[in-house]
Amino acid sequence: MYAVGLPAKSGVAGGVLAVLPGQLGIGVFSPRLDARGNSVRGVAVCTDVSRDFNLHCFRVPRSAQAVIRAEWDLTALRSRRQRPEAERTALDADGHRARVYALQGDLSFGAIEAVVRRVVDVSRSLTVVALDLRRVARTDGGAVTMLAELVASLVEVGTPLVLVGVESHGRFVRQLEEAMAAAHQGGAVQCFSNLDAALEWCEQRLLSARGAENEGVMLAEHDLTVGLSVADVVVLAARLQLVAFAAGDTIVREGDRAEELFLLMRGRVSVTVDIPGGTRRRLATVSPGMVFGELTVVDRSPRTADVRADTAVECLVLPAAALEELGTSHPQITMAIMRNLLRNVHRTVNRLSREVTALES
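Here is what the cut-offs are and how they apply
Counting of residues starts from 1 at the beginning of each chain's written sequence and follows it residue by residue. In keeping with the predicted nature of the model, local features appear solely for residues at pLDDT of at least 70, side-chain atom pairs appear and are counted solely at 80 or more, and the whole-chain, interface and lining totals rest on all residues. Heavy atoms throughout the structure, all of them, feed into the side-chain values; hydrogens and water do not. Following DSSP output, two strands are said to pair if at least two bridges run between them. Only runs of H or I of at least four residues qualify as helices and only runs of E of at least two qualify as strands under DSSP, and these elements are numbered from the N terminus. Angles run from 0 to 180 degrees between N-to-C directions of axes, and those axes are lines fitted to C-alpha atoms, restricted for helices to the stretch in contact. Here, two residues are considered to be in contact whenever any of their heavy atoms come within 4.5 Å of each other. The salt bridge criterion pairs a side-chain nitrogen of Lys or Arg with a carboxyl oxygen of Asp or Glu, the two atoms within 4 Å. Burial status follows relative accessibility: with a 1.4 Å probe on protein chains alone, a residue under 20% of its type maximum counts as buried, one over 50% as exposed, and anything between as partly exposed.

## Concerning the sheet that holds strand β17 (residues 313–319)
- In space, the 4 strands of this open sheet follow the order β10-β17-β12-β15, with antiparallel pairing throughout. Two strands in the sheet have a free side with no partner beyond their single neighbour: β10 (241–245) and β15 (291–292).
- In terms of strand pairing, β10 meets β17 through 5 bridges, oriented antiparallel. What sits directly across from F245, in β17, is V313.

## Some details on the sheet that holds strand β2 (residues 15–20)
- Strand order in the open sheet formed by 3 strands is β1-β2-β3, and the pairing between neighbours is antiparallel. For this open sheet the edge positions go to β1 (8–10) and β3 (24–29), each flanked by a neighbour on one side alone. Strand-to-strand twist of the sheet, defined as the mean angle between neighbouring strand axes without regard to direction, takes the value 10 degrees.
- Contacts between helix α1 (residues 40–52) and the sheet are confined to β2 and β3, with β3 contributing the most and set at about 150 degrees to the helix.

## Structural notes on the pattern of salt bridges
- Counted by the stated rule, this structure contains 22 salt bridges.
- A salt bridge links E113 to R117; the nearest nitrogen and oxygen atoms lie 3.0 Å apart. Here E113 pairs with R117, and both are found in helix α3 (residues 109–122), just 4 residues apart, close to one helical turn.
- R117 sits in the partly exposed class, given a relative accessible area of 45%.
- Between D306 and R308 there is a salt bridge; the shortest N-O distance is 3.8 Å.
- What makes R308 partly exposed here is its relative accessible area of 28%.
- Residues participating in the shared-partner salt-bridge network are R80, R81, D196, E200 and R282.

## A closer look at the pairing of β3
- Across 6 bridges, β2 lies against β3 in antiparallel orientation. From the neighbouring strand, L20 faces β3, where its bridge partner is L24.
- In this antiparallel pair of consecutive strands, β2 and β3, the connection spans 3 residues, and G22 shows a positive phi of 80 degrees.

## Digging into the environment of D223
- Tracing the sequence through the fold places D223 in the loop between α6 (195–210) and α7 (230–237).
- Under the relative-accessibility criterion, D223 is labelled buried at 8%.
- Residues D223 and M338, spaced 115 residues apart in sequence, show a C-alpha to C-alpha distance of 11 Å.
- Setting aside its immediate chain neighbours within four residues, D223 contacts P84, E85, R88, G289, M290, N340, N344 and R347.

## Side note on the environment of R266
- Secondary-structure assignment places R266 in strand β12 (residues 260–266).
- A relative accessible area of 39% means that R266 is categorised as partly exposed.
- Residues R266 and P288 lie 22 residues apart in sequence; the distance between their C-alpha atoms is 5.1 Å.
- When residues no more than four places from it in sequence are discounted, the contact partners of R266 are E215, G216, P288, A312, V313 and E314.

This is the structure in structure tokens:
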């Protein structure tokens, strides 16, 4: 009980029954006995298991109702990156192939074993697996050993493991990376500090597997022109101005007066706001085929967030004055634009509702 850490009962036939209360039981059989009448190999196996998985009855983890707080796939909750119709359709079809497990409490051997078993049961149907560690209080060496074995099994089927909230578990992540490097499986684990960035990476993984990534669009393919005829698109194009921005440029600044809306044609931009504590939070990332700056331009109110170019960006800009003029000269175009803008708002509200449902379930 003290030296090995697993309370046990032996029999003179060579059997050993050992337990770790609340976590596991193990049975070992090997007839050769030592001077005390215990199985030589049985005691050795129990000693190795206790050492390798950091098990000991005097080192008991704090209990939690369940180590898996919540789980979902990308059909239920995705990142804040806004995507065009083709990518949304692809993710709707393949979202079940990326699964996220939000964990809590202490990651002891018994806890991580439950997680590993859950993942292994469905691993062959998955393209990517993510573990959210933000609510995990403590980890131990046994969890590293078990997780390294899980990564090795996922590598065999070409499925990477994503870890979220790693900044609070630096030692744990370092030990896992060292174990993977020793097994010549470096790069099999992707680490992120926040869930949104991890979800976006998972989405890109699914889109790459399907070949559905979108680098740029034409005006007739843009979400804002859905429902417009070819002639209407020509009329709209005459009122648009092509502008380009370098990566890192601020395109829209919070507090500025809204004088135009932007049709993103190529590149990627992020909408961010300042939050207490001096940090910035991403509200959304916009992809080609999407529009930004639309909510404030309708009533010409001040901008409510910053928009920065994540990559080199090309936009078509529709001045607010030109939008108003279209309402007089071509009301059918304005109605179609407003309908498309309303559809975008509905998607945002729907995403937020699904996020609340997934995270609080």
